[in-house]
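Observations on the three-dimensional arrangement
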Amino acid sequence: MGRAFVYVILGGGVGAGYAALEFTRRGVSDGELCIISEEPVAPYERPALSKGFLLPEAPARLPSFHTCVGANDEKLTSKWYKDHGIELVLGTRVKSVDVRRKTLLSSTGETISYKFLIIATGARALKLEEFGVEGSDAENVCYLRDLSDANRLATVIQSSSNGNAVVIGGGYIGMECAASLVINKINVTMVFPEAHCMARLFTPKIASVYEDYYRAKGVKFVKGTVLSSFEFDSNKKVTAVNLKDGNQLPADLVVVGIGIRPNTSLFEGQLTIEKGGIKVNSKMQSSDSSVYAIGDVATFPVKIFGEMRRLEHVDSARKSARHAVSAIMEPEKTGEFDYLPFFYSRVFAFSWQFYGDPVGEVVHFGEYEDGKSFGAYWVKKGHLVGSFLEGGSKEDYETISKATKLKPAVTDMEELGSEGLGFAQTIVSQQKDIKVEDAPSSEMVRQSSGVVIMEKPLHIWHAATGVVVAASVAAFAFWYGRRRRRW
């Protein structure tokens, strides 16, 4: 028993939905595309789970956050897939893949073959057992990775009002879930081993603003230690959390957000794996020409930094999905995936965005005291490589994105800090103001505010000038010779 499709997307996360929409826009025919997902519902916007889904009033529920509403695009319900001739194989696990034979074998015994495969398997949440701690199966220990997790967490929240919650982890899931728990009138203690929250991205100064606000909301922080074990009641429900530093915290609810692991097991030994993900080129194509990978599971070349990266964020999933489909459907017209890493979050009244790479020397700017609008730049080897902004407008975020993409040289760090957002605004306005005809041979050199941006090297202008001069001399010699003969 088996079926065959031209295109198969393995995995039903965010990337699958965006890829499906791109396929339809590029003319996929009825019956050519199939999506296989372990989840029982059509692809949805995963960020909604840690934000709107957990709110006590008017919580987000499907179908309101099916893809691709996260990009203000079409809402792809199950009916949409049916109307567009796309086969949705839901609630189905694929237990093996044969890349050489271009076939997948489902847990039900069905064989599905393909001409092109897009791997959109994403990642799974790391479990406590992987760190030697038992208890993940307790009814009040929750993770948050998919809709099933979110439903379970929402149920436990409802029964824990005015109780105590312990959040294990200080990253995205920890910070966003802690905010939702507070809104649900639950007492929250966050536990993480780092010196401050969001340690992979935030500087201590940035983190202090958010931590101070969380404390004002009643959240407690226990830093520099980790969970060692649980205390259980007779029903195997967690009643307390034991920490490695010897402290014990009462718990009616535990939320675990300690990282993720890419789902690559089906392809190990068949495709090249690098930095934990499936290695792909700038067209999202793997070491097998018929197989592409997108989103959290893909390790791809980040052009702006000249190195391979695996990025864990919804924006990367959305854009890599579209690019992969373009590369499959119109390979000759599809260039390199030129992606600027982007991360964002919304908690309480805060809303921040980050672009680029958080490496090098950091320059802070803005009003950190009032916590309303502030930011930071990262400078490495004399060039801007990362930008963070809290409390900006849509135009402000677009500006820091464009400025970071340009990677301008920075010659005065003190001036950079004093200019703040104005620095990025100056860079972008200069980019708009200078046109091709304003400079010889499209060469552009701009210098102001301690910044130099050169879009074409001077030697191109020098070479062009030499050619023009030589041609002029030759033309003059020819004209002069003809006149001499006439004399």
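Okay, so let's go over this structure. (Residues numbered from 1 in each chain as written. Predicted model: local features only at pLDDT ≥ 70, side-chain atom pairs only at ≥ 80, totals over all residues. Heavy atoms only, no water.)

This paragraph deals with the packing of aromatic side chains. Under the defined criterion, the tally for this structure stands at 29 aromatic pairs. Residues F337 and Y339 carry aromatic rings whose centres are separated by 5.5 Å and whose planes lie at 15° to one another, so their mutual orientation is stacked. Here F337 and Y339 have matching classes, each one buried. It is K205 that lies over the ring of Y368; its NZ or CZ is 4.7 Å from the centre. In this arrangement the basic side chain of K223 is found over the ring face of F221, its NZ or CZ atom lying 5.8 Å from the centre. (Phe/Tyr/Trp six-rings, centres within 6.5 Å; stacked < 30°, edge-to-face > 60°. Buried < 20%, exposed > 50% of the residue type's maximum accessible area, 1.4 Å probe, protein only. Lys NZ or Arg CZ within 6 Å of the ring centre and 35° of its normal.)

Pairing within the open sheet is parallel, and its five strands lie in the order 4-3-2-8-21. Sheet topology places strand 4 (87-89) and strand 21 (291-293) at the edges, where each strand pairs with a single neighbour. Sheet twist, expressed as the mean angle between neighbouring strand axes with direction ignored, is 20°. Across three bridges, strand 3 (residues 33-36) lies against strand 4 in parallel orientation. In the strand pairing of strand 4, C34 is matched with E87. Helix-sheet contacts for helix 1 (residues 14-25) involve strand 2 (7-10), strand 3 and strand 8 (116-119), and the interaxial angle to strand 2 is about 165°. (Pairing = 2+ DSSP bridges. Helix = DSSP H or I, 4+ residues; strand = E, 2+ residues; numbered from the N terminus. Axes fitted to C-alpha atoms, helices over the stretch in contact; angles between N-to-C directions. Contact = heavy atoms within 4.5 Å.)

A few words now on the pairing of strand 3. Residues L33 and I35 point to one face of strand 3 and C34 and I36 to the other, with burial holding for every one of them. Sheet topology note: the strand 2/strand 3 ladder contains four bridges and is parallel. By the bridge assignment, V8 is partnered in strand 3 with C34. Between the parallel elements strand 3 and strand 4, the chain passes through helix 2 (residues 78-83) in a crossover that is right-handed. (Right-handed = clockwise from strand over helix to strand, strands pointing away.)

Another point: the pairing of strand 23 (residues 307-310). Two elements, strand 22 (residues 298-302) and strand 23, share four bridges in a ladder whose sense is antiparallel. Residue pairing in the sheet places F300 in a bridge with R309 of strand 23. Hairpin connection of strand 22 to strand 23: four residues between the antiparallel strands, including G306 at a positive phi of 65°.

Formed by 130 residues in total, the largest nonpolar core has its most connected members in M190, F202 and L253. Ranked by the residues each element gives to this core, the list is headed by helix 1, at seven residues. Residues contacting L253, with those up to four places away along its chain left out, are N140, C142, L153, V156, I157, S160, N164, A165, V166, L181 and I186. Within the second largest apolar cluster, 19 residues are counted, among which are V133, I168, F230 and A251. (Core = buried A, V, L, I, M, F, W, Y, C linked by side-chain atoms within 4.5 Å.)

As a further point, take the sheet that holds strand 16 (residues 248-250). Taken in spatial order, the three strands of this open sheet run 14-15-16, and their pairing is antiparallel. Edge positions in the sheet fall to strand 14 (227-232) and strand 16, since each has one partner strand and no second. The average undirected angle you get between the axes of adjacent strands in this sheet is 25°. As defined by bridge partners, strand 15 (residues 238-243) adjoins strand 16 across three bridges and the pair is classed as antiparallel. Bridge pairing in strand 16 links V241 to L249.

Moving on, we come to unusual backbone geometry. One can expect most non-glycine residues to show negative phi and most peptide bonds to be in trans. Residue P63 is bonded to the preceding L62 through a cis peptide linkage, with omega at 10°. The omega angle of the peptide bond from T67 to C68 is 15°, so this bond is cis rather than trans. As for its position among the elements, C68 is in the loop between strand 3 and helix 2. Phi at A58 takes a positive value of approximately 45°, unusual for a residue other than glycine. By secondary structure assignment, the location of A58 is in the loop between strand 3 and helix 2. Judged by its relative accessible area of 74%, A58 falls in the exposed class.

By themselves these figures say nothing about function.
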